[in-house]
Amino acid sequence: MIARWASLGRAAWSVGPMIVLLAGSTVQAQPHRIIVDTDFGVPPTDDGLALILALNSPELEILGVTTVAGNFSVERATSDALRTLEIAGRDEIPVYRGADMPLVHEPGDFARRVWGEWWSDAPPPAPPGGFATTRAERETAAEYMLRTVLSAPGEVTIVAIGPLTNVAMAIRQHPEFAAGVKQMVIMGGAIARLPDGHGNVTPNAEFNFWVDPEAARIVLRSGIPISLSPLNVSRKTALTRRWYEAIVRVETPITRLIATTLGPAFERDPAASHLMYDQVAVASLIDPTLVTTEHLYVDVDIHPGLNYGVSVGGPEPWPGAEGARQMAVQHDLDWERFIRLFVDRVTR
Ligand SMILES: [Ca+2]
């Protein structure tokens, strides 16, 4: 009998090793069946590289890609996702267009000045090589998530690497959705209690949660088992020229794309270094032993003003966070093993 990792007795986060020992031999467990929910951009954006990592990893089976407004408009996220799948030769994977705006957050002058074009209604620019010949599906992202999860309760994992608008809408649309999701890996938040926990869009707020704080709070409070990949762990990464060169040394359609889109940055500045936010979230599902976690209650401030979109984590609930749930918070990373896995997979 193959031991199910879910029975290994871990609390809020139950992903164990994908390889189980059986009578002295190693056996590949079933791949995680995942939906990738993303504010996508063509590689080398972190979403683009994270999707390539997922595509080339046998531990993961991508059921569908859902898009959301975040780094870019949802229209650009969608056309870039379709084109990237086409370049990767994986355009059989369906893409579902999601929310074009956060649940509540209205874009102001600050939003238009800082990073991110979630508010933009400009037509998407053509991705490298032109728009994909494939189209997004007719269903919305939330409809697709609902249908997929409710038809296979307890089997589908959502890897959410953008604002959480689509997932919050699915939770709101059906009372059994949250209980049906097997687990989520979420890139989002910044936890001041742990090292490197400052924000990246406001002093304390991380971008994904700040774009849609109300959605983040709905998802974090939903009871779905969550592994949170906040800025604390993203900041343990550095995609430098050394690793870029290891990638483009291998010739594939994807590495040629990366050479085209990332090469100029290293030509301008050989010492450039890029954080790998969404790639860590995906890698932590491929191999949970890559990250160190601490179980904390995490909640998100949805009050307009100073702390809008700020995530706060603590060992016990506190006044104002009575509805907060405990989750595994990633805060450290085995960098060498992570980057070697990343380069190996991206160059396959
Ligand atoms: Ca993202």
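Keep in mind that what you see is a predicted model, and the values were worked out from it rather than measured.

With that out of the way, let us pick up the overall build of the chain. Along the backbone of the chain there are 13 helices and 13 strands. Relative to the compact-globule value of 20 Å for 348 residues, the chain shows a C-alpha radius of gyration of 19 Å, a close match. Expressed as lengths along the three principal axes of its C-alpha atoms, the size of the chain is roughly 60 × 50 × 40 Å. Relative to its 348 residues, the chain shows a buried fraction of 56%. A sequence separation of at least 24 residues applies to 79% of the contacts in the chain between residues at least 6 apart. Taken as a whole, the chain presents about 14,500 Å² of accessible surface, with 53% of it coming from carbon and sulfur. Put simply, the chain has 29 plus and 40 minus side-chain charges, and the middle of one group is 4 Å from the middle of the other.

Strands sit in the order 5-4-3-6-7-8-13-11-12 across an open sheet of nine strands; the sheet is mixed. Every other strand in the sheet has two partners, leaving strand 5 (95–96) and strand 12 (311–314) as the edge strands with one partner each. Looking at chain direction, strand 11 (residues 291–300) and strand 12 are connected through four bridges and run antiparallel. Bridging from a neighbouring strand, Tyr297 pairs with Gly314 of strand 12. Sheet strands in contact with helix 8 (residues 213–220) are strand 7 (181–187), strand 8 (226–229), strand 11 and strand 13 (325–333), and its direction is about 115° off that of strand 11.

Around the calcium ion, the donor atoms from the protein are Asp39 (OD), Asp47 (OD), Asp47 (OD), Ile161 (O) and Asp278 (OD), and they sit 2.1 to 2.5 Å away. For the calcium ion, the donor residues sit on a single chain with the sequence spacing D-x7-D-x113-I-x116-D. Using a relative accessible area of 1% as the deciding quantity, one classes Asp39 as buried.

This brings us to the environment of Leu220. Following the sequence through the fold, Leu220 ends up in helix 8. Overall, Leu220 belongs to the buried group, its relative accessible area being 1%. C-alpha separation for the pair Leu220 and Asp332, spaced 112 residues apart in sequence, amounts to 21 Å.

Quick look at the nonpolar core now. Judged by nonpolar contacts, the single largest core of 58 residues is most densely connected at Ile62, Val65, Phe338 and Phe342. Here Val65 is in contact with Val36, Thr38, Leu51, Ala81, Leu85, Ile93, Pro94, Val95 and Tyr96, once residues within four sequence places are set aside.

All right, on to the packing of helix 10 (residues 241–248) against helix 11 (residues 253–268) then. As a packed pair, helix 10 and helix 11 sit with axes 10 Å apart at the nearest point and diverge in direction by 155°. In terms of axis orientation, helix 10 runs roughly antiparallel to helix 11. Crossing geometry of helix 10 relative to helix 11 is assigned as left-handed. For the pair helix 10 and helix 11, contact is made by Arg241, Tyr244, Ile247 and Val248 and by Thr255, Ile258, Ala259, Leu262, Gly263, Phe266 and Glu267, respectively. Residues belonging to the contact of helix 10 with helix 11 are distributed by class as follows: seven nonpolar, two polar and two charged.

All right, on to the pairing of strand 7 then. Summarising burial for strand 7: six of the seven residues are buried, a large majority. Bridge count between strand 6 (residues 156–160) and strand 7: five bridges; the pairing is parallel. Its bridge partner lying in strand 7, Thr157 is registered against Gln183.

With that out of the way, let us pick up the pattern of salt bridges. Tallied over the entire structure, the rule returns 17 salt bridges. With its nearest N and O atoms 3.0 Å apart, the salt bridge here joins Asp287 to Arg337. Residue Asp287 is found in the loop between helix 12 (277–286) and strand 11, and its partner Arg337 is found in helix 13 (residues 335–346); the two are separated by 50 residues along the sequence. Residue Glu336 is joined to Arg340 by a salt bridge in which the shortest nitrogen-to-oxygen separation is 3.1 Å. Taken together, the residues Glu336 and Arg340, both in helix 13 and four residues apart, mark about one turn of the helix. Overall, the relative accessible area of 35% leaves Glu336 in the partly exposed class. Its relative accessible area of 46% is what places Arg340 among the partly exposed residues. One salt-bridge network, in which partners are shared between bridges, spans Glu59, Asp344, Arg345 and Arg348.

Within this structure, the stated rule accounts for seven aromatic pairs. Ring centres 6.2 Å apart and planes at 75° place the aromatic pair Phe72 and Trp115 in the edge-to-face group. Of this pair, Phe72 sits in the loop between strand 4 (60–67) and helix 2 (74–87) while Trp115 sits in the loop between helix 3 (109–113) and helix 4 (141–151); the two residues are 43 residues apart in sequence, bridging distant segments of the chain. Seen in terms of ring centroids, Trp335 and Phe338 are 5.9 Å apart; in terms of plane orientation they differ by 45°. Their pairing is tilted. Placement of both Trp335 and Phe338 in helix 13 is noted, with a separation of three residues, approximately one turn of the helix. For the residue pair Trp335 and Phe338, the accessibility class agrees, reading buried in each case. Among the aromatic residues, ring-to-ring pairing joins Phe110, Trp118 and Trp210 into one connected group.

This part is about the side chain of Asp299. Turning to its location among the elements, Asp299 is positioned in strand 11. Of note is the side chain of Asp299, whose polar atom sits 2.6 Å from the side chain of Arg221. If sequence neighbours within four positions are ignored, Asp299 has contacts with Arg217, Arg221, Val310, Ser311, Val312, Trp318, Gly320, Ala321 and Ala324.

Definitions and cut-offs
- Residues numbered from 1 in each chain as written.
- Predicted model: local features only at pLDDT ≥ 70, side-chain atom pairs only at ≥ 80, totals over all residues.
- Heavy atoms only, no water.
- Helix = DSSP H or I, 4+ residues; strand = E, 2+ residues; numbered from the N terminus.
- Rg over C-alpha atoms; globule rule 2.2 N^0.38 Å.
- Buried < 20%, exposed > 50% of the residue type's maximum accessible area, 1.4 Å probe, protein only.
- Contact = heavy atoms within 4.5 Å.
- Areas by Shrake-Rupley, 256 points an atom, 1.4 Å probe, with all protein chains shown as cover.
- Lys, Arg positive; Asp, Glu negative; His and termini not counted.
- Charge placed at Lys NZ, Arg CZ, Asp CG, Glu CD.
- Pairing = 2+ DSSP bridges.
- Axes fitted to C-alpha atoms, helices over the stretch in contact; angles between N-to-C directions.
- Donors = N, O, S within 2.8 Å, 3.2 Å for Na, K, Ca; no water.
- Core = buried A, V, L, I, M, F, W, Y, C linked by side-chain atoms within 4.5 Å.
- Parallel < 35°, antiparallel > 145°, perpendicular 65-115°, else oblique.
- Left-handed = near helix turned anticlockwise from the far one by under 90°.
- Nonpolar A, V, L, I, M, F, W, Y, C, P; charged D, E, K, R; others polar.
- Salt bridge = Lys/Arg side-chain N within 4 Å of Asp/Glu carboxyl O.
- Phe/Tyr/Trp six-rings, centres within 6.5 Å; stacked < 30°, edge-to-face > 60°.
- Polar contact = N/O pair within 3.5 Å; in protein donor to acceptor, adjacent residues only side chain to side chain.

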